[in-house]
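Examination of the molecular architecture
Take a look at the letters that make up each chain.
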Amino acid sequence: MSDSARVVILGGHGKIALLAAPKLKAAGFAVDSVIRNPDQSSDIEAAQANPVVLDIENADTQALADLFAGAQAVVFSAGAGGGNPARTKAVDLEAAKRSTDAAGQAGVRRFVMVSYASASVDRDRVDPESSFYPYVEAKHGADEHLRASDLDFTILGPGGLTLEPSAGKVLIADEAGDVDGDRPADEVRVTSRELVADVITHVIAESAAVRQTVNFYDGQTPIAEAIS
């Protein structure tokens, strides 16, 4: 396999990344999954990916660019997991921004960011005192930094993540996470992690949704029909 068909996943041990790696492999890509803890290497290998140990929270732009060099695409699926505002800012915002810059520096055009459905509007509607607000700010800032780059980005905005199997079908939402101008019920605003992995694979394999933000929930429309 040529080096050009390599995809680098940041946050390689996350649930979405572990589901995406074998799907990308099946689509013909080699996958480097980046992890901080070398003890997770066997899980990465079980997902048919190559474990790369690098702490992206502390890696500078050059170290990331070196890692990305020659790749076809970078997927940012890392996250601090909430709870600690300082770490959330360090990973979800600062590491994401460095990763965007590093991709540009390395000449890797394709960049897929895993965000969430209402990231572009929540900064104005979530209480700044809320424990969720640091995450809102981080994801909003990371997405805006990517949009301002000249990369061939796709920003994916799932709803509340579930462990349900993917049906391979989506419900597309607008930039606020609404559908047909209305905020769907909570039980509608959910997205299977495996569906996110399917969408990651689709947009990379088909060069779909370039320089677009795609907000989506579990739905009835086949991915390939909904996201071109």
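Residues numbered from 1 in each chain as written. Predicted model: local features only at pLDDT ≥ 70, side-chain atom pairs only at ≥ 80, totals over all residues. Heavy atoms only, no water.

1. What to know about the sheet that holds strand 4 (residues 73-76)
Quick reminder of the rule: Here the rule is simple: two strands pair whenever DSSP picks up at least two bridges between them. Each helix corresponds to a stretch of at least 4 residues labelled H or I by DSSP, and each strand to a stretch of at least 2 residues labelled E; elements are numbered beginning at the N terminus. Any pair of residues with heavy atoms lying within 4.5 Å of one another is described as a contacting pair. A fitted line through C-alpha atoms represents every axis, and for helices the fit uses only the stretch in contact; the resulting angles, taken between N-to-C directions, go from 0 to 180 degrees.
Sheet architecture is open: 9 strands sit in the order 3-2-1-4-5-6-10-8-11, paired in mixed fashion. The sheet terminates laterally at strand 3 (50-53) and strand 11 (221-222), the two strands that pair on one side only. Helix 1 (residues 15-26) rests against strand 1 (6-10), strand 2 (30-35) and strand 5 (110-114) of the sheet, and its axis sits at about 175 degrees to strand 1.

2. Quick notes on the UniProt feature "domain: NAD(P)-binding" (unreviewed entry) in the chain
For the record, the criterion: UniProt positions are given in the numbering used here, feature names are shortened, and annotations may be inferred rather than shown by experiment.
If you check UniProt for "domain: NAD(P)-binding" (unreviewed entry), the listed places come out as residues 11-206 in our numbering. As a span, residues 11-206 carries 41% helix and 19% strand, and end to end its C-alpha atoms are 23 Å apart.

3. A short note on helix 3 (residues 61-68)
Stated formally: Using a 1.4 Å probe on the protein chains alone, a residue whose accessible area is under 20% of its type maximum counts as buried, one over 50% counts as exposed, and one in between counts as partly exposed. For this quantity, the arc is that covered by the directions from the helix axis to the C-beta atoms.
Within helix 3 the residues assigned to the buried category are Thr-61, Leu-64, Ala-65, Leu-67 and Phe-68. Each buried residue of helix 3 sits inside an arc of 160 degrees when the element is viewed along its axis, so together they form one side. Lining the buried residues of helix 3 we find strand 1, strand 2, strand 3, strand 4 and helix 4 (85-106). Phi for Gly-70, located one or two positions after helix 3, is positive at around 85 degrees.

4. A closer look at the pattern of salt bridges
We apply this condition: Salt bridges are counted wherever a side-chain nitrogen of Lys or Arg sits within 4 Å of a carboxyl oxygen of Asp or Glu.
Enumeration according to the criterion identifies 9 salt bridges in this entry. Put simply, Asp-32 and Arg-6 hold a salt bridge, and the shortest N to O gap is 2.8 Å. You can see Asp-32 sitting in strand 2 and its partner Arg-6 sitting in strand 1, a full 26 residues away along the chain. Taken as a pair, Asp-32 and Arg-6 share a single burial class, namely buried. The shortest N-O distance in the salt bridge between Arg-109 and Asp-150 comes to 3.9 Å. With Arg-109 in the loop between helix 4 and strand 5 and Asp-150 in the loop between helix 6 (133-147) and strand 6 (152-158), the pair connects residues that are 41 residues apart, well separated along the chain. Taking relative accessible area as the criterion, Arg-109 reaches 39% and is therefore assigned partly exposed. It is possible to trace a salt-bridge network through shared partners that takes in Lys-23, Glu-194 and Asp-198.

5. Focus: the nonpolar core
Inclusion rule: What we call a nonpolar core is a set of buried Ala, Val, Leu, Ile, Met, Phe, Trp, Tyr and Cys residues that are connected through their side-chain atoms within 4.5 Å.
Counting 33 residues, the largest nonpolar core has Ile-200 and Ile-204 as its most contacted members. For this core, the secondary structure elements donating two or more residues are strand 1, helix 1, strand 2, strand 4, strand 5, helix 7 (193-205) and strand 10 (212-218). Looking at this core, the element that brings in the most residues is helix 7, giving 7 residues. Once residues lying within four places of it in the same chain are set aside, the contact partners of Ile-204 are Val-7, Leu-24, Phe-29, Ala-73, Val-75, Arg-110 and Val-112.

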